[in-house]
Amino acid sequence: MLDYKLHKLEMGPDTLVALTEREAALYYRQLVAIRRLEAAAAQLYREQLVRGFCHLYTGQEACAVGLCAALRPQDNLIAGYRIHGWAYLMGVTAAAVLAELTGRASGCAQGKGGSMHMYAPNFYGGNGIVGAQISLGTGIALANKYRKNGAVCFALYGDGAANQGQIFECYNMAQLWKLPIVFVCENNNYGMGTSAWRASSNTNYYTRGDYLPGVWVDGQDVLAVRSATRFAIEHAQQRGPLVLELCTYRYAGHSMSDPGTSYRTREEVQQVRQRQDAIERFRKICLEMSLLTQTQLLGIERTVRDEMELAIKAARTDVELPLSHLCNDVYAGSYAQLQLRGVLGHNLEHARSRTESCHE
Amino acid sequence: MLRSRLTQAASAAQRAFSTSPKVLAVKQMTVRDGLNSALDDELARDDRVFLLGEEVAQYDGAYKVSRGLWKKYGDKRIIDTPITEMGFAGIAVGAAMAGLRPICEFMTFNFSMQAIDHVINSAAKTFYMSAGAVNVPIVFRGPNGASAGVAAQHSQCFAAWYAHCPGLKVVSPYDTEDARGLLKSAIRDPDPVVVLENELLYGTAFPVDDSVADVDFLIPIGKAKIMRPGKDITIVAHSKAVETALLSAAELAKKGIEAEIINLRSIRPLDMETIFNSVRKTHHLITVENGWPQHGVGAEICARFMEDQAFFELDAPVWRCCGVDVPMPYTKSLELNALPREHDVTAAALKVLGSKAGKK
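For clarity, every value in this text was computed on a predicted model and none was experimentally measured. (Residues numbered from 1 in each chain as written. Chains lettered and ligands numbered in written order. Predicted model: local features only at pLDDT ≥ 70, side-chain atom pairs only at ≥ 80, totals over all residues.)

**Re the sheet that holds strand S6 (residues 169-171) of chain B**
All names here are of chain B.
Thought 1: In spatial order, the strands read S3-S2-S4-S5-S7-S6-S12; together these seven strands make up an open sheet with mixed pairing. The outermost strands of the open sheet, each flanked by one partner alone, are strand S3 (78-80) and strand S12 (266-268). Within the sheet, the average angular offset between the axes of one strand and its neighbour, ignoring direction, is 20°.
Thought 2: Across three bridges, the pairing between S6 and strand S7 (residues 193-198) is parallel. Paired with Val-170 across the two strands is Val-194, which belongs to S7. (Pairing = 2+ DSSP bridges. Helix = DSSP H or I, 4+ residues; strand = E, 2+ residues; numbered from the N terminus. Axes fitted to C-alpha atoms, helices over the stretch in contact; angles between N-to-C directions.)

Shown next as structure tokens:
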């Protein structure tokens, strides 16, 4: 039995769900892959191969795996800055995620975007401006409705971004225009080092849409998230926007430079890890329901380890883009003077590095 | 009252340089109708194109630029938004990322400050951050620059602000031909384009020849136009300052000085080639703009001369005529003196020409 809290809704997501052996193996593999991927990111960061920002998703894996499990091929997604796991599930290979972190040419944005700027078909990226992705996602939903393509857009944000003004602007317009969007608040309890209760007058984020229906979901439970997402897709298509609050927890600091101990206790982190860990909980379900054997689970873990080892190797050894790419892809169309200004004068030739996946 | 006087000034400026009977016989069209017909053409041509903003639909546009379009194209293509710039600008950018062709109207560019994050961080940078995977074909348009009697918060030129940012294209039309041709090019462009219209010129009628009415009449972004040829001094201006420059040219002509007037049309890219070529002939240059001086459009043109061989063509230092370095006062007499007028431009030309004035 899954547990939900509802806001402005008579009926919520299904509380009894089915899980096949194939699905169990897939979700377990994805959960473990994201955790390993982030471990690899941390390792590369410590080796000083990752520069600048690096926000780990460790602890929140069930949100991404459960949500992506319910997505249909046409649905789209846009997220904030903690996106390595989301990019991976939306089709970017582990090697392309890690190579983007190390800034190499085989990265999914050829190394030019970095940790927060990864893109894939139907994945409109992370975003380094907290809350900006909500407005962009609402626009993607508008495009879905405009085109009548039946797609639903998922716009993700955290409990920190939940207080940005533009979110409320978008709740309003999405409801006025009945846009097919699901606002997904991943509440990991801390916006950087500020706990939810110190930042929000109302920490029930699923009710913050006021007139928008909302569902509180146990974000440490893959199946609860999957069921809530299925419900949300149907609701967004039939009736309009709603808010999902996925209650979760981040094990690491806000970013690699944050030990994550000044604003919370080590005991708190330990307790969540011991009692609420998403992977442990799902592994238990798989074993108790006899969906997967211990051997199968170990086999999955081994496969993931091999995948990540190869990815780390590629991210370490691949080359950076040649210097000529410095001034590529500033413009998609013609730029009257194809020379951009370099450090000392107008002497850089502007060019496009690829022609696919542009709307021209 | 003020507006009608300005309209008279504009037609006086036209008379001053358009003396052939052929030109006087051509059709007149207001800037507003030029913009309105450009929107109409492009909405009809491409069903991905839509207009959104405050009061664009049922009210017919705060400045009536979108008059009649809602009746013709309906709610789907002409979308009234709440007063919520950050939200709807972000929604427009998101729709563009998803392949639509939004035209985002700011009631005035002063209000675009509420949304500037989406213009800069979401629209301008995404193509580069995604290494050429996600382009943003959007137009941000609306009235820019000083209006009359509306005080500091509603009287400002944003040309320098937006032209500062790589990834954006910025155009600043002066007359009807510019407005129509540049807006149509902007809508068809695969990159984000900022179209800075001038509120005081919306009602001004300019002569247009038959080619301007053509559905495929386009003005290339990044090309300036020589409004009046001359051999003694080059005067570069954009938007309403072109009118000031033309009036000054008529005054200078009485003193035997032939000024060449260049209408920039595009602020980014900046057509330095046309300016360099003109100065190779005249050897003197002044710039005229209604924006503030520091780091302004004129400042950039000066800097480009410093860095180019064309510097050696100058017989005297370049002089800038700019808006006074103060927030715009409401006081009528002070406001009048806060922007460059034709006698200021004439004085600057005489100063730059020095003892050579009128001696050629």
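**Concerning the sheet that holds strand S14 (residues 319-321) of chain B**
Residues and elements named next belong to chain B.
Thought 1: The strand order across the open sheet formed by five strands is S9-S11-S10-S13-S14, and the pairing between neighbours is mixed. Both edges of this open sheet fall to strand S9 (225-228) and S14, since each of them pairs with a single strand only. For this sheet, the mean inter-axis angle between neighbouring strands, taken without regard to orientation, is 25°.
Thought 2: Two elements, strand S13 (residues 285-288) and S14, share three bridges in a ladder whose sense is parallel. Along S14, the bridge assignment pairs Val-288 with Cys-321.
Thought 3: Here helix H12 (residues 272-282) sits on the sheet in contact with S9, strand S10 (233-237), strand S11 (259-263) and S13, set at roughly 155° to S10. (Contact = placed C-beta atoms within 7 Å.)

**Here we look at the UniProt feature "domain: Transketolase-like pyrimidine-binding" (unreviewed entry) in chain B**
Thought 1: Here the UniProt-annotated "domain: Transketolase-like pyrimidine-binding" (unreviewed entry) positions come out as residues 29-204 of chain B.
Thought 2: Along residues 29-204 of chain B one finds 39% helix and 17% strand; the C-alpha atoms at either end are 8 Å apart. (UniProt positions renumbered as here; feature names shortened; annotations may be inferred.)

**Structural notes on helix H13 (residues 297-306) of chain B**
Quick reminder: α-helices carry 3.6 residues per turn. Residues three or four places apart thus point the same way.
Residues and elements named next belong to chain B.
Thought 1: Looking only at H13, the buried set comprises Val-297, Gly-298, Ile-301 and Phe-305. The buried residues of H13 occupy one face: seen down the axis, they fall within an arc of 100°. Those residues of H13 that are exposed and aimed more than 90 degrees away from the buried face are Ala-303 and Met-306.
Thought 2: Against helix H8 (159-163), S10, S12, H12, S13 and S14 lie the buried residues of H13. (Buried ≥ 20, exposed ≤ 12 C-beta atoms within 10 Å, placed from the backbone. Arc of directions from axis to C-beta.)

**Some details on unusual backbone geometry**
Thought 1: A cis geometry characterises the amide bond from Arg-268 of chain B onward to Pro-269 of chain B, with omega recorded as 0°.
Thought 2: Along the chain, Pro-269 of chain B falls in the loop between S12 and H12.
Thought 3: One non-glycine residue, Gln-48 of chain A, lies in positive phi territory at about 65°.
Thought 4: Note on placement: Gln-48 of chain A falls in the loop between helix H1 (21-46) and helix H2 (61-70).
Thought 5: Exposure remark for Gln-48 of chain A: the 7 C-beta atoms within 10 Å place this residue in the exposed category.
Thought 6: Phi at Arg-265 of chain B takes a positive value of approximately 65°, unusual for a residue other than glycine.
Thought 7: Structurally, Arg-265 of chain B can be placed in the loop between S11 and S12.

**Section: the domain arrangement of chain A**
Thought 1: Domain boundaries assigned for chain A yield domain 1 (4-321) and domain 2 (323-360).
Thought 2: Computed over C-alpha atoms, the centres of domain 1 of chain A and domain 2 of chain A are 33 Å apart. (Domains from an automatic or database assignment.)

**Digging into H2 of chain A**
Thought 1: Most of H2 of chain A is tucked away, with eight of its 10 residues classed as buried.
Thought 2: Listed in full, the buried residues belonging to H2 of chain A are Glu-61, Ala-62, Cys-63, Ala-64, Val-65, Gly-66, Leu-67 and Cys-68 of chain A.

**Regarding the UniProt feature "domain: Dehydrogenase E1 component" (unreviewed entry) in chain A**
Thought 1: What UniProt calls "domain: Dehydrogenase E1 component" (unreviewed entry) maps, in this numbering, to residues 30-320 of chain A.
Thought 2: Secondary structure within residues 30-320 of chain A divides into 47% helix and 11% strand; the distance between the first and last C-alpha atoms comes to 29 Å.

**Structural notes on the nonpolar core**
Thought 1: Of all hydrophobic cores here, the largest spans 214 residues; its most connected members are Ala-87, Val-97, Leu-98 and Leu-244 of chain A together with Ile-235, Ile-286 and Ala-349 of chain B.
Thought 2: In terms of residue count, the dominant contributor to this core is H1 of chain A (11 residues).
Thought 3: Contact partners of Val-97 of chain A, with chain neighbours within four places excluded, come to Leu-37, His-84, Ala-87, Tyr-88, Val-92, Cys-108 and Met-118 of chain A. (Core = buried A, V, L, I, M, F, W, Y, C linked by C-beta atoms within 7 Å.)

**Quick word on the interface of chain B and chain A**
How big an interface is tends to be expressed through the accessible area that disappears when the partners come together.
Thought 1: Residue-level contacts link 43 residues of chain B with 42 residues of chain A.
Thought 2: Of all the secondary-structure elements, those providing two or more residues to the side of chain B that touches chain A are helix H5 (85-97), helix H6 (116-124) and helix H7 (126-129) of chain B.
Thought 3: The dominant element in the side of chain B that touches chain A, judged by the number of residues it contributes, is H5 of chain B, at 10 residues.
Thought 4: Residues of the side of chain B that touches chain A, tallied by class, amount to 22 nonpolar, 14 polar and seven charged. (Nonpolar A, V, L, I, M, F, W, Y, C, P; charged D, E, K, R; others polar.)

**Topic: the domain arrangement of chain B**
Residues and elements named next belong to chain B.
Thought 1: Taken domain by domain, chain B holds domain 1 (25-213) and domain 2 (223-356).
Thought 2: Taken over C-alpha atoms, the centre of domain 1 sits 26 Å from the centre of domain 2.
Thought 3: Taken residue by residue, the interface counts 23 residues in domain 1 and 23 residues in domain 2.
Thought 4: Elements that contribute at least two residues to the side of domain 1 that touches domain 2 include exactly H8, S6, helix H9 (176-188) and S7.
Thought 5: Looking at the side of domain 1 that touches domain 2 residue by residue, the classes come out as 16 nonpolar, five polar and two charged.

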